[in-house]
Amino acid sequence: MTEQKLTAENNGMRMGFLTALVLVVYTGVAAMVGFLGKLEAGALDVLLLAAGVVLAIRRLKQAYGPNLTYFQGFSTGIITALTASVLLGAFFWLLGGISKEAVRQIEARDLFGADMGVLIGGLGIILMGTMTGVVTSLIAMQYFKSDEHQSLPEMER
């Protein structure tokens with residue numbers, strides 16, 4: 001069996017599934033214990049997603065070394081975030097169908113008093129997660145590409 005070469009796409013999908021697994025387990029536990037309605041619950045979701053994106057880029061950097069292009073790292077981060085967010089959104093839809101109490105914990109009202117439905121909530125999770133992944137990927141790639149530049153003392157010589 002031949003070893004498959006690690007690409008930005010398959011790395012993003014694999015790490016996205018692993019990140020989604022962590023997010024789904026955390027969200028399920030938070031819903032069971034009644035923590036899902038707290039602001040900190042959503043913040044921890046974002047931190048877990050950002051950690052998954054950074055780990056995906058780090059994994060690709062270890063495989064490619066100095067040959068990693070900015071776009072490869074950026075795209076693997078976006079694919080990781082998109083995959084994890086879509087799976088978390090799907091889990092939220094499933095959770096909304098199973099437990100109305102879990103949805104009531106995070107129910108939000110807009111300015112006009114209309115309830116946020118499960119569908120809109122899941123779409124919001126996908127949008128917020130993907131955009132968080134884009135920003136995290138930009139920041140992480142600044143870090144992972146910085147070691148290829150000269151340090152300040154070398155430039156002063």
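Owing to the predicted nature of the structure, the values given are computational and were not obtained by experimental measurement. (Residues numbered from 1 in each chain as written. Predicted model: local features only at pLDDT ≥ 70, side-chain atom pairs only at ≥ 80, totals over all residues. Heavy atoms only, no water.)

Describing the overall build of the protein chain
Along the backbone of the protein chain there are six helices and zero strands. When the helices and strands of the protein chain are listed from N to C terminus, the series reads α-α-α-α-α-α. Residue burial in the protein chain is summarised as follows: out of 157 residues, 38% are buried. The long-range share in the protein chain, meaning contacts at least 24 apart out of those at least 6 apart in sequence, stands at 79%. With the model as given, the accessible surface of the protein chain reaches about 9,600 Å², and the carbon-plus-sulfur share is 69%. (Helix = DSSP H or I, 4+ residues; strand = E, 2+ residues; numbered from the N terminus. Buried < 20%, exposed > 50% of the residue type's maximum accessible area, 1.4 Å probe, protein only. Contact = heavy atoms within 4.5 Å. Areas by Shrake-Rupley, 256 points an atom, 1.4 Å probe, with all protein chains shown as cover.)

Some points on the side chain of Thr-19
Checked against the element boundaries, Thr-19 lands in helix α1 (residues 8-33). Ignoring any residue separated from it by four or fewer positions in sequence, one finds Thr-19 in contact with Leu-48, Leu-49, Gly-52, Thr-80 and Ala-84.

Some details on the packing of helix α2 (residues 39-64) against helix α3 (residues 70-98)
Where α2 contacts α3, the axes come no closer than 9 Å and their chain directions differ by 140°. The handedness of the crossing between α2 and α3 is right-handed. Within the contact between the two elements, α2 uses Asp-45, Leu-49, Gly-52, Val-53, Ala-56, Ile-57, Leu-60 and Tyr-64 and α3 uses Gln-72, Gly-73, Thr-76, Gly-77, Thr-80, Ala-81, Ala-84, Ser-85 and Leu-88. Split into classes, the residues belonging to the contact of α2 with α3 amount to nine nonpolar, seven polar and one charged. (Axes fitted to C-alpha atoms, helices over the stretch in contact; angles between N-to-C directions. Left-handed = near helix turned anticlockwise from the far one by under 90°. Nonpolar A, V, L, I, M, F, W, Y, C, P; charged D, E, K, R; others polar.)

A word on the environment of Leu-138
For Leu-138, the position within the fold is in helix α5 (residues 118-146). The class of Leu-138 is partly exposed, set by a relative accessible area of 37%. Ignoring sequence-local partners within four residues, the contact set of Leu-138 consists of Tyr-70 and Phe-74.

Concerning the packing of aromatic side chains
Tallying each qualifying case throughout the model produces two aromatic pairs. Ring centres of Tyr-143 and Phe-144 lie 5.1 Å apart, and the angle between their planes is 75°; on these two criteria the pair is classed as edge-to-face. For Tyr-143, a relative accessible area of 59% translates into the label exposed. (Phe/Tyr/Trp six-rings, centres within 6.5 Å; stacked < 30°, edge-to-face > 60°.)

Some remarks on α2
When the terminal C-alpha atoms of α2 are compared, their 38 Å separation across 26 residues agrees well with the 38 Å that a helix rising 1.5 Å per residue should span. Among the residues of α2, those classed as buried are Ala-41, Asp-45, Leu-49, Ala-50, Gly-52, Val-53, Ala-56, Ile-57, Leu-60, Lys-61 and Tyr-64. Of the residues flanking the end of α2, it is Gly-65, one or two places downstream, whose phi is positive at about 65°. (Expected span 1.5 Å × (residues − 1).)

Thoughts on the packing of α1 against α3
Helix-helix packing is characterised by the crossing angle of the two axes and by the distance between the axes. Remark: α1 packs on α3, axes separated minimally by 7 Å, with the N-to-C direction vectors making an angle of 35°. Taken as a pair, α1 and α3 cross one another with a handedness that is right-handed. A breakdown of the residues in the contact of α1 with α3 according to their chemical character gives 14 nonpolar, eleven polar and one charged.

So, the nonpolar core
Formed by 24 residues in total, the largest nonpolar core has its most connected members in Ile-57, Leu-60 and Leu-95. Sequence-distant contacts of Leu-60, defined by excluding residues within four places in its chain, comprise Leu-6, Thr-7, Ala-8, Asn-11, Leu-68, Gln-72, Gly-73 and Thr-76. (Core = buried A, V, L, I, M, F, W, Y, C linked by side-chain atoms within 4.5 Å.)

Focus: α1
With 26 residues, α1 should cover 38 Å at 1.5 Å per step; its first-to-last C-alpha distance of 37 Å lies within 8% of that length. Downstream of α1 by one or two residues, Gly-34 has phi in the positive range, about 85°.

Points about the side chain of Thr-80
Its location among the elements puts Thr-80 in helix α3. On the accessibility criterion, Thr-80 (0% relative accessible area) is buried. Excluding residues within four positions of it along the chain, Thr-80 makes contact with Asn-11, Gly-12, Met-15, Gly-16, Thr-19, Gly-52, Val-53 and Ala-56.

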